[in-house]
Amino acid sequence: MDKTGRARPSASSIAGLRREAKACTACPLYENATQTVFGEGPARASLMLVGETPGDREDLEGRPFVGPAGKLLDRALAEAGIDRQASYVTNAVKHFKWVPRGKRRIHSRPNAREIQACEPWLRAEIALVKPDVLICLGATAARSLLGRGFRVTRQRGVPVESDLARVVLATVHPSSLLRGKPAERKAEIARFVADLAQAAKALRRRAA
Ligand code: URA
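The structure displayed is predicted, hence computed values, not measured ones. Along each chain, residues carry numbers from 1 onward, in the same order as the chain's sequence is written. Per-residue local features of the predicted model are confined to residues with pLDDT of at least 70, and side-chain atom pairs are confined, for both listing and counting, to 80 or more; whole-chain, interface and lining totals are unaffected and use all residues. Each side-chain value is derived from all of the structure's non-hydrogen atoms; neither hydrogens nor water enter the calculation.

A. Structural detail: the overall build of the protein chain. When its secondary structure is counted, the protein chain shows 7 helices and 6 strands. Every helix listed is a DSSP run of H or I at least four residues long, and every strand listed is a run of E at least two residues long, numbered separately from the N terminus. When its helices and strands are written in sequence order, the protein chain yields α-β-α-α-β-β-β-α-β-α-α-β-α. Here the globule rule reads 2.2 Å times residues to the power 0.38, and the radius of gyration is calculated from C-alpha atoms. Over its C-alpha trace the protein chain gives a radius of gyration of 16 Å, about what one expects of a compact globule, namely 17 Å for 208 residues. Once the C-alpha set of the protein chain is aligned to its principal axes, its extents read approximately 40 × 40 × 30 Å. For the protein chain, buried positions account for 50% of its 208 residues. A fraction of 72% describes how many contacts in the protein chain between residues 6 or more apart in sequence connect residues 24 or more apart. The method behind every accessible area is Shrake-Rupley, applied with a 1.4 Å probe, and residues are considered shielded solely by the protein chains displayed. For the protein chain, the computed accessible surface area is about 10600 Å², with 50% contributed by carbon and sulfur atoms. Positive residues here are Lys and Arg, negative ones are Asp and Glu, while His and the chain termini are left out of the count. The location of each charge is read from NZ of Lys, CZ of Arg, CG of Asp or CD of Glu. The averaged location of the 21 negative side-chain charges in the protein chain is 2 Å from the averaged location of its 37 positive side-chain charges. Only protein chains enter the accessibility calculation, which uses a 1.4 Å probe; a residue is then buried when its area is under 20% of its type maximum, exposed when over 50%, and partly exposed in between. Residue contacts follow a heavy-atom distance rule, with two residues in contact if any of their heavy atoms lie within 4.5 Å.

B. Representation of the site of the ligand. Any residue with a heavy atom lying within 4 Å of a molecule or strand is counted as near it. Close to the ligand lie Gly 51, Glu 52, Thr 53, Pro 54, Gly 55, Glu 58, Pro 64, Phe 65, Asn 91 and His 173. The definition of a polar contact used here is a pair of N or O atoms within 3.5 Å, where within protein one atom must be able to donate a hydrogen and the other to accept one, and adjacent residues in sequence count solely through side-chain atom pairs. Take Glu 52: an N or O atom from its main chain is 2.7 Å from an oxygen atom of the ligand. Between the ligand and the protein, one listed contact pairs a nitrogen atom with a side-chain N or O atom of Asn 91 at 2.7 Å. Coverage of the ligand by the protein amounts to 93% of the 240 Å² it exposes when considered alone. The class makeup of the residues in the shell around the ligand is 3 nonpolar, 5 polar and 2 charged. The classification used treats Ala, Val, Leu, Ile, Met, Phe, Trp, Tyr, Cys and Pro as nonpolar, Asp, Glu, Lys and Arg as charged, and all other residues, Gly among them, as polar.

C. Representation of the environment of Ala 139. Among the structural elements, Ala 139 can be located in helix H5 (residues 139-146). Residue classification places Ala 139 among the partly exposed residues on the basis of a relative accessible area of 25%. Taking the C-alpha atoms as reference points, Ala 139 and Arg 151, separated by 12 residues in sequence, lie 7.1 Å from one another.

D. Quick peek at a positive patch on the surface. Side chains of Arg 143, Arg 148, Arg 151 and Arg 154 sit close together on the surface and give a patch of like positive charge. Overall, the relative accessible area of 31% leaves Arg 151 in the partly exposed class. The patches described consist of residues with a relative accessible area above 30% and no salt bridge, like charges being joined within 9 Å and nonpolar side chains (Val, Leu, Ile, Met, Phe, Trp, Tyr) within 5 Å. Salt bridge criterion: a side-chain nitrogen from Lys or Arg within 4 Å of a carboxyl oxygen from Asp or Glu.

E. A look at the sheet that holds strand S5 (residues 133-137). Two strands are counted as paired when DSSP detects at least two bridges linking them. If you trace the 4 strands from one edge of the open sheet to the other, you get S2-S1-S5-S6, paired in parallel fashion. Each end of this open sheet is capped by a strand with a single partner; those strands are strand S2 (88-91) and strand S6 (167-171). Ignoring strand direction, the axes of neighbouring strands in this sheet form an average angle of 20 degrees. The pairing of S5 with S6 spans 5 bridges and is parallel. Along S6, the bridge assignment pairs Leu 137 with Thr 171. Axes here refer to lines fitted to C-alpha atoms; in helices the fit is confined to the stretch in contact. Angles between the N-to-C directions go from 0 to 180 degrees. The strands touched by H5 are strand S1 (47-51), S5 and S6; relative to S5, the strand with the most contacts, the crossing angle is about 130 degrees.

F. Looking closely at helix H7 (residues 182-207). Expected span of a helix: the number of residues minus one, times 1.5 Å. Taking 1.5 Å per residue, 26 residues should reach 38 Å; H7 reaches 37 Å between its end C-alpha atoms and fits that length. Burial in H7 covers these residues: Phe 192, Val 193, Asp 195, Leu 196, Ala 199, Ala 200, Ala 202 and Leu 203. Summarising the contacts, the buried residues of H7 are in contact with S1, helix H3 (68-80), S5 and S6.

G. Looking closely at the nonpolar core. Note on terminology: a nonpolar core comprises buried Ala, Val, Leu, Ile, Met, Phe, Trp, Tyr and Cys residues joined through side-chain atoms within 4.5 Å. Membership of the largest hydrophobic core comes to 59 residues, with the highest contact counts inside it found for Trp 121, Leu 134, Ile 135, Leu 145, Phe 192 and Leu 196. It is helix H4 (residues 112-129) that contributes the most residues to this core, 8 residues altogether. Apart from residues no more than four positions distant in its own chain, Leu 134 is found in contact with Met 48, Val 50, Ile 126, Leu 145, Leu 164, Ala 165, Val 167, Val 168 and Leu 169.

H. Spatial organisation of the pairing of strand S4 (residues 104-107). Taken together, the 4 bridges between strand S3 (residues 98-101) and S4 define a ladder with antiparallel strand orientation. Note that in S4 the partner of Arg 101 across the bridge is Arg 104.

I. Expanded view of the packing of helix H1 (residues 14-21) against H4. Between H1 and H4, whose axes approach to 10 Å, the crossing angle comes to 170 degrees. Looking at the two axes, H1 sits roughly antiparallel to H4. Residues Ile 14, Leu 17, Glu 20 and Ala 21 of H1 touch H4, and the partners they reach there are Trp 121, Ala 124, Glu 125, Leu 128 and Val 129. When grouped by side-chain class, the residues that make up the contact of H1 with H4 number 7 nonpolar, no polar and 2 charged. Working definition: roughly parallel below 35 degrees, roughly antiparallel above 145 degrees, roughly perpendicular at 65 to 115 degrees, and oblique for all remaining angles.

Set out below in structure tokens:
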């Protein structure tokens, strides 16, 4: 950890970063989480997906996007023609933040200080993977990487100027698609797939 309370990654491989992040205490979230949930996927993936924080399932399994939002993401990626196994999937914050409700652990949104404390891990992942296309899933990832002024509602699906990758875009978080009336959800999922399809198109342009 540095003087500002941010993580200080030093490893030069994803496996090394993952080992270091296991012991991260840069913010208090490690105290109530089961484990650090680091990113996973090929170390030189051409697509990187960045979510918010691990949820209950991810916290228990130690892998990103394996719970209900992850299942929805998997289906949407497949529909957009993207192979999750070939992508690097991670989160802006690597520990589950939750509040108790009865016996359940309810997800709680990380605050600016927690996002900042964790940001060096995310930046280190990006620097090593060097994705060609990067997708921010939701406002937390977008604000961590694209600035606090970024508004997913206004700028979703549109590539933004960034030195993080050749193509960088943001869309909604898949967990937002698990709520709402069925008809609205269907339309929102279709918009989400369309945003992912933009990324798929950008990936194909590079491969061609
Ligand atoms: N939501 C996220 O942002 N990340 C996960 O890994 C799971 C749910």
